[in-house]
Amino acid sequence: MDYGFTEEQMMIKDLCRQIAEEKIKPVREHYDVTGEFPWDIVKVMAEADLFGLSIEEQYGGMGGGVLDTVLAVEELSKACGGIALALAATGLGTYPILLFGNEEQKKKYLPNIAAGKTLAAFCLTEAEAGSDAGGTQTTAVRDGDEFILNGTKQWITNGSEAEIYTVVAMTNKAKGPRGASAFIVEKGTPGLSFSKKENKMGIRASATTEVIFQDCRIPAENMIGREGQGFMVAMKTLDKSRPGVAAQALGIAAGALDEAIQYSRQRRQFGKTICSFQGIQFMLADMATQVEASRALVYQASRHIDLGHKDISRESAMCKLLAADTAMRVTTDAVQIFGGYGYMKEYPVEKMMRDAKITQIYEGTNQIQREVIALSLIKEAAKKR
Ligand code: COS
């Protein structure tokens, strides 16, 4: 299908498809079983300049947009959504600096991120502040030209492996979401530590830890944007990054569909390949249609963000919602087509089904996406009156 990509975008897709086939597929099972962090593949992605895709050229990046990263994440996720996440989560952790960082911060941090030398992580979620991101408890108290951070962030992707942490903390709790501010914290800062890695259902190649701040002093110049802007930094970051989760979901779904088609052409029952049966054909047709619809929405939302459209929250939430629900449905159906074999770890579809589930949960549950979409519709309708 022709999606109207530029030559660069076609090259990104081809390069990532090659990395997925040659480098990721042979090791995905190993990382799924061991839960080790895939540094060897991160190195391959860094050498291919993937970490710089959406970073401006003056900071060492390729100067692309959301769509460029989305294409990379989709292709890599066809092989393994967990390994691809090292890239997508670094994008998430970098957006606060890209969107709200000052010149010094950009010059200091972006070149190493673009080169893939340092990974980034985004620290918003806490034990009591998941969907209710405004309920952040972590505090940042000013002390001269420093801030002292205290609190624990939970389920942080790239936790302990990243060098750069963008963190939302309360500088004035009484003000609620308007009392939050965003900061950059470097690994190695005294008072910053990590819990053990979480033992997860899926995306097991990805590191997930708590990020703990205990009297962690950081220079006041590490504040991103202005004091009190932290919640907005977080929301605008999520608006930009959700197509990345959608791309991960899309890749997982497309990978599972591909496996299911191939399997249905080989597996024989009742003297025929199972793809001869209409029951299987209808399943494949529905799976492919859902994948294509998700793809269209993910690309459109990414393009609109890159074109600078205002009010991107709705489209961003819509593409994440559709692609994640599609990934869950399509991977479940792929397991069904494989039958008993699909339930076994020898075949990749059971891992894909486990990997898909998280896309309905993180960067805002799909219930939160529906809320964002509905509120945007209602707000728009109110303006028309
Ligand atoms: N862009 C800019 N500003 C935004 C915004 C956006 N996308 N969304 C909200 N805001 C602003 C609002 O305009 C409001 O500003 P004022 O105080 O000036 O009126 C402020 O932020 C608070 O907004 P709201 O009242 O809607 O906040 P709620 O506490 O009701 O929360 C949701 C809104 C649920 C949408 C938000 O908490 C959310 O996205 N939660 C999910 C968080 C998430 O994705 N977590 C996953 C972990 S991160 S990997």
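For the structure, check the block above.
Residues numbered from 1 in each chain as written. Predicted model: local features only at pLDDT ≥ 70, side-chain atom pairs only at ≥ 80, totals over all residues. Heavy atoms only, no water.

Q: Quick question: what am I supposed to make of a nonpolar patch on the surface here?
A: A cluster of nonpolar side chains, contributed by Leu 375, Leu 377 and Ile 378, occupies part of the molecular surface with about 300 Å² of accessible area. Within the fold, Leu 377 resides in helix α11 (residues 366–384). (Patch = residues over 30% accessible without salt bridge, like charges linked within 9 Å, V, L, I, M, F, W, Y side chains within 5 Å. Areas by Shrake-Rupley, 256 points an atom, 1.4 Å probe, with all protein chains shown as cover. Salt bridge = Lys/Arg side-chain N within 4 Å of Asp/Glu carboxyl O. Helix = DSSP H or I, 4+ residues; strand = E, 2+ residues; numbered from the N terminus.)

Q: Looking at this structure, I do not really get the pairing of strand β5 (residues 180–186). What am I missing?
A: Looking along a regular strand, one sees side chains alternate from face to face of the sheet. The element β5 is extensively covered by neighbouring structure, given that six of its seven residues are classed as buried. Bridging between strand β4 (residues 164–170) and β5 involves seven bridges; their strand directions are antiparallel. By the bridge assignment, Val 167 is partnered in β5 with Phe 183. Note: β5 against strand β8 (residues 223–224), two bridges, orientation antiparallel. Bridge pairing in β8 places Ala 182 opposite Ile 224. (Buried < 20%, exposed > 50% of the residue type's maximum accessible area, 1.4 Å probe, protein only. Pairing = 2+ DSSP bridges.)

Q: Mind showing me how you'd approach the site of the ligand here?
A: Neighbouring the ligand are 18 residues, the closest being Ser 131, Arg 178, Asp 239, Arg 242 and Gly 364. Within the side chain of Arg 178, a nitrogen or oxygen atom sits 2.7 Å from an oxygen atom of the ligand. The side chain of Asp 239 places a nitrogen or oxygen atom 2.9 Å from a nitrogen atom of the ligand. Counting residues per element, the ones that place at least two in the shell around the ligand are α7 (230–266) and α11. (Near = heavy atom within 4 Å. Polar contact = N/O pair within 3.5 Å; in protein donor to acceptor, adjacent residues only side chain to side chain.)

Q: Honestly, the environment of Arg 295 in this entry has me stumped. Any pointers?
A: With respect to the helices, strands and loops of the structure, Arg 295 is situated in helix α8 (residues 278–306). For Arg 295, a relative accessible area of 9% translates into the label buried. Separated by 221 residues in the primary sequence, Arg 295 and Glu 74 place their C-alpha atoms 9.4 Å from one another. Leaving out residues up to four positions away in the same chain, Arg 295 has contacts with Tyr 3, Glu 74, Lys 78, Leu 250 and Ala 254. (Contact = heavy atoms within 4.5 Å.)

Q: Would you mind going over the packing of aromatic side chains with me for this structure?
A: How two aromatic rings sit relative to each other is set out by the distance from centre to centre and by the angle between their planes. Counting across every chain of the model gives 11 aromatic pairs. Pairing Tyr 3 with Phe 5 gives two aromatic rings, centres 5.6 Å apart and planes at 35°, and the pair type is tilted. For Tyr 3, a relative accessible area of 22% translates into the label partly exposed. Clustering of aromatic rings is evident, with ring pairs tying together Tyr 263, Phe 338, Tyr 341 and Tyr 347. (Phe/Tyr/Trp six-rings, centres within 6.5 Å; stacked < 30°, edge-to-face > 60°.)

Q: Quick question: what am I supposed to make of α8 here?
A: Turn by turn, an α-helix covers 3.6 residues, leaving residues three or four places apart pointing in a common direction. Between its first and last C-alpha atoms α8 spans 42 Å; for 29 residues at 1.5 Å apiece the expected length is 42 Å, and the two agree. Each element contacted by the buried residues of α8 is listed here: α1 (7–24), α4 (66–79), α7 and α9 (313–338). Just past α8, the residue Gly 308 takes up positive phi, approximately 85°. (Expected span 1.5 Å × (residues − 1).)

Q: Looking at this structure, I do not really get the pairing of strand β3 (residues 146–157). What am I missing?
A: Pairing of strand β2 (residues 139–143) with β3, which is carried by five bridges, proceeds in the antiparallel orientation. Paired with Asp 143 across the strands is Glu 146, a residue of β3. The antiparallel pairing of β2 with β3 creates a hairpin that spans two residues between the two strands, and Gly 144 there sits at a positive phi of about 65°.

Q: What is the right way to read the nonpolar core from this model?
A: The nonpolar side chains of a soluble globular protein tend to be buried with one another. Within the largest apolar cluster, 108 residues are counted, with the highest numbers of intra-cluster contacts made by Met 45, Leu 50, Leu 76, Leu 149, Tyr 165 and Val 185. Considering each element in turn, this core owes the most residues, 13 residues, to α7. Counting residues in hydrophobic clusters, the runner-up holds nine residues, among them Leu 92, Phe 122, Met 170 and Ala 234. (Core = buried A, V, L, I, M, F, W, Y, C linked by side-chain atoms within 4.5 Å.)

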